[in-house]
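Remarks on the overall topology
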Amino acid sequence: MIRLAVLLSGRGSNFAAIYRAIAAGSLDAEVVLVVSNRSDAAGLAAARAWGLPAELIENRGLSRAAHEQLVVQRLATAQPDFVVLAGYMRLLSAEFVAAYRNRIVNIHPSVLPAFPGVDAQAQALAHGVKVSGCTVHFVDEGLDAGPILLQRTVTVLDSDTAETLSARILEQEHLAYPEALRILAGGRYRVVGRRVVTGNSEAELNHPG
Ligand code: GRF
């Protein structure tokens, strides 16, 4: 059983998908802490309604460093194995990332390394790609740049708007995040440079190509 701390800022539908997978018994994990930096985040209300340890740590009026310090202190008490970013609209410092190397995961609504940053779905449409999707990755010091755990794709339709494409990608996100966390819960993976190797056998895992 892995201990998860979830950081979010808004809707929280990915958090809900993770919570549902745990409740359904398909993900061997426990949510030990949910932190929102926004009081109006639906994800925070959901966490409270589900009786999870949930905290509002507002960033308003604080420097980036001071806010992060509060989050880091709370994480130190919660002792998660992994920090799960689920629509957390704050950049993490290099110190935070280094302290949780390969233990912070994020989901991004594009097939990285294409279209990092904000409005990834609109970026994909504007570029005219025929396939897009989502990526679950470890967080490193770059923007949406760390080692990739898992990707799922969707076909871009001629009729797509940013809204319709986002909605279809989101359906895949809700499958991808629990699936990626299952890899972490299983413990059968290694990070080799930029690659996350999951291997079918012990030999493959220990000696990736
Ligand atoms: C998702 O599209 C995710 O890929 C991105 O932020 C959005 C969060 O949505 N990082 P939700 O709060 O999980 O519903």
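Our structure's up above, just so we're on the same page.
Quick summary incoming for the structure in this document. Since the model is a prediction, treat every value here as computed from it, not as a measurement. Residue numbering note: each chain is counted from 1, following its sequence as written. Given that the model is predicted, a residue must reach a pLDDT of at least 70 before its local features are reported, and side-chain atom pairs must reach 80 or more before they are shown or counted; all residues, however, enter totals for whole chains, interfaces and linings. Excluding hydrogens and water, the side-chain figures rest on all heavy atoms present in the structure.

Quick notes on the environment of Ala 23
- By the criteria applied, helices consist of DSSP H or I runs no shorter than four residues and strands consist of E runs no shorter than two, each listed in order from the N terminus. Tracing the backbone shows Ala 23 in helix 1 (residues 13–23).
- Summary of the burial criterion: residues with accessible area below 20% of their type's maximum are buried, those above 50% are exposed, and those between are partly exposed, where the area comes from a 1.4 Å probe applied to protein chains only. With relative accessibility at 60%, the residue Ala 23 sits in the exposed group.
- In sequence terms Ala 23 and Gln 73 are 50 residues apart; their C-alpha atoms lie 28 Å from each other.

Brief notes about the pattern of salt bridges
- A pairing counts as a salt bridge when a side-chain nitrogen of Lys or Arg comes within 4 Å of a carboxyl oxygen of Asp or Glu. What the rule picks out here adds up to 6 salt bridges.
- The closest approach of N and O atoms between Arg 38 and Asp 40, which form a salt bridge, is 2.8 Å.

Details of the packing of helix 1 against helix 6 (residues 162–186)
- Structural elements are reduced to axes, namely lines fitted to C-alpha atoms, with helices fitted over the stretch in contact, and the angle between N-to-C directions of any two is expressed from 0 to 180 degrees. Put simply, helix 1 and helix 6 touch, their axes get as near as 9 Å, and they point 50 degrees apart. The pairing of helix 1 with helix 6 is recorded here as oblique in orientation. In this structure, helix 1 meets helix 6 at a crossing whose hand is right-handed. Facing helix 1, whose interface residues are Ser 13, Asn 14, Ala 17, Ile 18 and Ala 21, helix 6 presents Leu 170, Glu 173, His 174, Tyr 177, Pro 178, Leu 181 and Arg 182. Here roughly perpendicular refers to angles of 65 to 115 degrees, roughly parallel to angles under 35, roughly antiparallel to angles over 145, and oblique to all remaining angles. When the near helix sits turned anticlockwise from the far one by under a right angle, the crossing is termed left-handed; a clockwise turn instead gives a right-handed crossing. We call two residues in contact when some of their heavy atoms are within 4.5 Å.

Focus: the nonpolar core
- Of all hydrophobic cores here, the largest spans 39 residues; its most connected members are Leu 4, Phe 15, Val 34, Leu 149, Leu 181 and Leu 184.
- Residues contacting Val 34, with those up to four places away along its chain left out, are Val 6, Leu 8, Phe 15, Ala 47, Leu 52, Pro 53, Ala 54 and Glu 55.
- Within this scheme, the nonpolar core is defined by two criteria: the residues are buried Ala, Val, Leu, Ile, Met, Phe, Trp, Tyr or Cys, and they are joined through side-chain atoms within 4.5 Å. Counting 18 residues, the second-largest nonpolar core is a separate cluster that includes Val 32, Val 71, Val 97 and Ile 104.

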